[in-house]
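# Structure at a glance
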Amino acid sequence: MNYESDLRWARKQDKEDVLRPFRARFHIPKINGREALYFCGNSLGLQPKTVTRFLQQEITDWASLGVEGHFHAKRPWLRYHQQSKKSLAKLVGAKPGEVVAMNQLTVNLHLMMATFYRPTATRFKIVTEAGAFSSDMHAVESQLRLHGYDPQEAWIELSPRPGELTLRTRDIIATLEQHGSSVALVLLGAVQYYTGQFFDIKKITGAGKKVGAMVGWDLAHAIGNVPLRLHRHQVDFAVWCGYKYLNSGPGGLAGVFVHERHAQDTLLPRMAGWWGHQERERFRMKKGFRPIASVDGWQLSNFPVLSGAAQLASLAEFDKAGIRALRQKSVWLTGYLEFLLRQLPAHETAFRIITPSAKDARGCQLSILMKSNGRKVFERLSQKGIVADWREPDVIRVAPVPLYNTFEEVFRFVESFESAFRL
Ligand SMILES: *Cc1c(COP(=O)(O)O)cnc(C)c1O
């Protein structure tokens, strides 16, 4: 089936969309009294209406039970981290013992690097994409320095070919082979935050493992956006945040994946805290750390229940919708956005889409590179009640999210985008 460029067609798609009922389950922000066109779920996901109920449960249990809530709350706080395992495992393609919600993304990145970046005299390099998210770059730089390395010598940044804006899998693999046994860790953003490129996790992980490196993925823009198969693809570890596509609220709970083959290895060095200690002995308060033989062994502190409750509300929506159905709509919806943008007279002259066109090489986000006046166009969009985001120096990121965005909204966005050039 093909796309058509009139509003009637967009409305028909919405009518036939089996996921359409999910939109009503989210709070849509208003601007000047009207529902915003919210395309910013890649930055802060919208609030599921059930969040209030999930939070209320914990607040009520806290009020009525006090400390006893650890055992007698509806969802006992002592083992609250178990509540989200199944849903998270489905989203990243893992076993429940391989995923746990904890901390924030950058903290988790450091915890994972403490275990999986173990440089030796000959194998000490870290490979990332050039222009990675700043926090990831700061984490990598500081880890290198912690181990006494000069980032200039020990950090390999993958850049696109001259004249290109995204990376070719073939080139990534060639770089890994070239540096071979000197590579200790490969760390990439699975969906690159700036370009929206979705990397080939299977092939890149395979190539990294082949040269003997550890391979970790930052899923900040991937979890809840694209289906993942971390276990099957032999990924060593992954980290994510909860407030983007996972809709867990500002500063929401993040999480990690550690592959079973490492997760069960209690001898692996790590940063330790009491919540990672074997549950039976945790409250004996003795010296001698003995980690839980799963990813839970990387937990440090007791679980942030209020944050976790908000996340459960959103994960229940993902469970109901299913990531496969979401992805199917997402491919169709983002394809529609691309179709409409490419029809505009300004396409290629005033702007271009830098996100790959192949559906397997992107999630729902399209990054629009503005050749001039980008900031101005973006501000005009904001004035019209459109929430997208601006990334320096010249990109507007637009993310139609299949849980709550519609075809009509995409149509309206492109309409406004076009008139923003003409003003
Ligand atoms: C959003 C994002 C972060 C944010 O890090 P926090 O620790 O959650 O503040 C880090 N890395 C990437 C790739 C991101 O997209």
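What counts, and at which threshold
Residues numbered from 1 in each chain as written. Predicted model: local features only at pLDDT ≥ 70, side-chain atom pairs only at ≥ 80, totals over all residues. Heavy atoms only, no water. Helix = DSSP H or I, 4+ residues; strand = E, 2+ residues; numbered from the N terminus. Rg over C-alpha atoms; globule rule 2.2 N^0.38 Å. Buried < 20%, exposed > 50% of the residue type's maximum accessible area, 1.4 Å probe, protein only. Contact = heavy atoms within 4.5 Å. Areas by Shrake-Rupley, 256 points an atom, 1.4 Å probe, with all protein chains shown as cover. Lys, Arg positive; Asp, Glu negative; His and termini not counted. Charge placed at Lys NZ, Arg CZ, Asp CG, Glu CD. Patch = residues over 30% accessible without salt bridge, like charges linked within 9 Å, V, L, I, M, F, W, Y side chains within 5 Å. Salt bridge = Lys/Arg side-chain N within 4 Å of Asp/Glu carboxyl O. Near = heavy atom within 4 Å. Polar contact = N/O pair within 3.5 Å; in protein donor to acceptor, adjacent residues only side chain to side chain. Nonpolar A, V, L, I, M, F, W, Y, C, P; charged D, E, K, R; others polar. Domains from an automatic or database assignment. Buried area = accessible area lost by both parts, 1.4 Å probe. Pairing = 2+ DSSP bridges. Axes fitted to C-alpha atoms, helices over the stretch in contact; angles between N-to-C directions. Core = buried A, V, L, I, M, F, W, Y, C linked by side-chain atoms within 4.5 Å. Parallel < 35°, antiparallel > 145°, perpendicular 65-115°, else oblique. Left-handed = near helix turned anticlockwise from the far one by under 90°.

## Notes on the overall build of the chain
A count of helices and strands for the chain gives 14 helices and 15 strands. Taken over C-alpha atoms, the radius of gyration comes to 22 Å for the chain, in line with the 22 Å a tight globule of 423 residues would show. Here the chain holds 423 residues, and 57% of them are scored as buried. When contacts within the chain are restricted to residue pairs at least 6 apart in sequence, those whose partners lie at least 24 apart make up 71%. With the model as given, the accessible surface of the chain reaches about 18600 Å², and the carbon-plus-sulfur share is 53%. Computed over 57 positive and 40 negative side-chain charges, the inter-centroid distance for the chain is 4 Å.

## Considering a nonpolar patch on the surface
Together, I59, W62 and L306 make up a nonpolar patch on the protein surface, roughly 310 Å² of accessible area in all. When you line up the elements, L306 lands in helix 11 (residues 305-321).

## Digging into the site of the ligand
Every residue near the ligand is listed here: L105, T106, F133, D136, D218, A220, H221, C241, Y243 and K244. At a separation of 2.6 Å, a nitrogen atom of the ligand approaches a polar side-chain atom of D136. Contact distances for the ligand include 2.6 Å between an oxygen atom and a side-chain N or O atom of Y243. Protein chains bury 85% of the 390 Å² of accessible surface belonging to the ligand in isolation. Of the residues assigned to the shell around the ligand, the class counts are five nonpolar, two polar and three charged.

## What about the domain arrangement of the chain?
Domain annotation of the chain identifies domain 1 (7-35 + 322-422) and domain 2 (55-318). Computed from C-alpha atoms alone, the centre-to-centre distance between domain 1 and domain 2 is 29 Å. Opposite the 29 residues of domain 1 that make contact, domain 2 presents 19 residues. Between domain 1 and domain 2, roughly 2100 Å² of surface is buried when both sides are summed, and carbon and sulfur atoms account for 57% of that area. Its largest share of buried area at the contact with domain 2, domain 1 owes to I323, I354 and Q365, together 24% of the area lost on that side. Run the count over domain 1 and domain 2 and you get one salt bridge. The tally of links from domain 1 across to domain 2 stands at ten residue pairs in polar contact (both at pLDDT 80 or more). Elements supplying a minimum of two residues to the side of domain 1 that touches domain 2: helix 12 (323-343) and strand 15 (395-398). Residue composition of the side of domain 1 that touches domain 2, grouped by class: 14 nonpolar, five polar and ten charged.

## What about the sheet that holds strand 8 (residues 214-218)?
Strands sit in the order 4-10-9-8-7-5-6 across an open sheet of seven strands; the sheet is mixed. Every interior strand has two partners, whereas the edge strands, strand 4 (99-101) and strand 6 (155-158), have only one. Each strand of the sheet is rotated relative to its neighbour by a mean of 15 degrees, with strand direction disregarded. As judged from the three bridges shared by strand 8 and strand 9 (residues 237-240), these two strands associate in the parallel manner. Bridge pairing links G216 to F237 in strand 9. Set on the sheet, helix 8 (residues 169-179) makes contact with strand 5 (125-129), strand 6 and strand 7 (183-189); between it and strand 6 the angle comes to about 160 degrees.

## What to know about the nonpolar core
By size, the foremost hydrophobic cluster in this structure holds 69 residues, and its most contacted members are V92, W217, L219, L228, W240 and L403. A total of eight residues in this core trace back to one element, the largest contributor, which is helix 11. Residue contributions to this core reach at least three from each of two domains, namely domain 1 (7-35 + 322-422) and domain 2 (55-318). Here V92 is in contact with V99, L219, I223, L228, R229, L230 and W240, once residues within four sequence places are set aside.

## Remarks on the side chain of K85
Relative to the helices and strands, K85 is located in helix 4 (residues 85-92). Classification of K85 by relative accessible area gives buried; the value is 6%. Dropping the residues within four chain positions of it, K85 is found in contact with P96, V99, V100, V295 and D296.

## Notes on the packing of helix 12 against helix 14 (residues 407-422)
For the pair helix 12 and helix 14, interaxial distance at closest approach is 10 Å and the crossing angle is 20 degrees. In terms of orientation, helix 12 and helix 14 fall into the roughly parallel class. Every pair of crossing elements has a handedness; the one defined by helix 12 and helix 14 is right-handed. Contact with helix 12, carried on its side by K329, W332, L333, Y336, L337, L340 and L341, involves F407, V410, F411, F413, V414 and F417 of helix 14 and no other residues of that element. Taken together, the residues of the contact of helix 12 with helix 14 break down into twelve nonpolar, no polar and one charged.

## A closer look at helix 4
Burial within helix 4 is extensive, with six of its eight residues counted as buried. Within helix 4 the residues assigned to the buried category are K85, S87, L88, A89, L91 and V92. Where the residues of helix 4 are buried, they touch strand 4, strand 9, helix 11 and helix 12. Positioned one or two residues after helix 4, G93 has a phi angle of 70 degrees, which is positive.

## Thoughts on the pattern of salt bridges
In this structure the tally under the stated criterion is 28 salt bridges. With its nearest N and O atoms 2.7 Å apart, the salt bridge here joins R161 to D171. Taken together, the residues span a long stretch of sequence, with R161 in the loop between strand 6 and helix 8 and D171 in helix 8 at a distance of ten residues. The class of R161 is partly exposed, set by a relative accessible area of 32%. Using a relative accessible area of 21% as the deciding quantity, one classes D171 as partly exposed. D200 serves as the salt-bridge partner of K203, at 3.9 Å between the closest nitrogen and oxygen. Overall, K203 belongs to the exposed group, its relative accessible area being 51%. What you see here is one network of salt bridges that share partners, running through R11, E408, R412 and E415.

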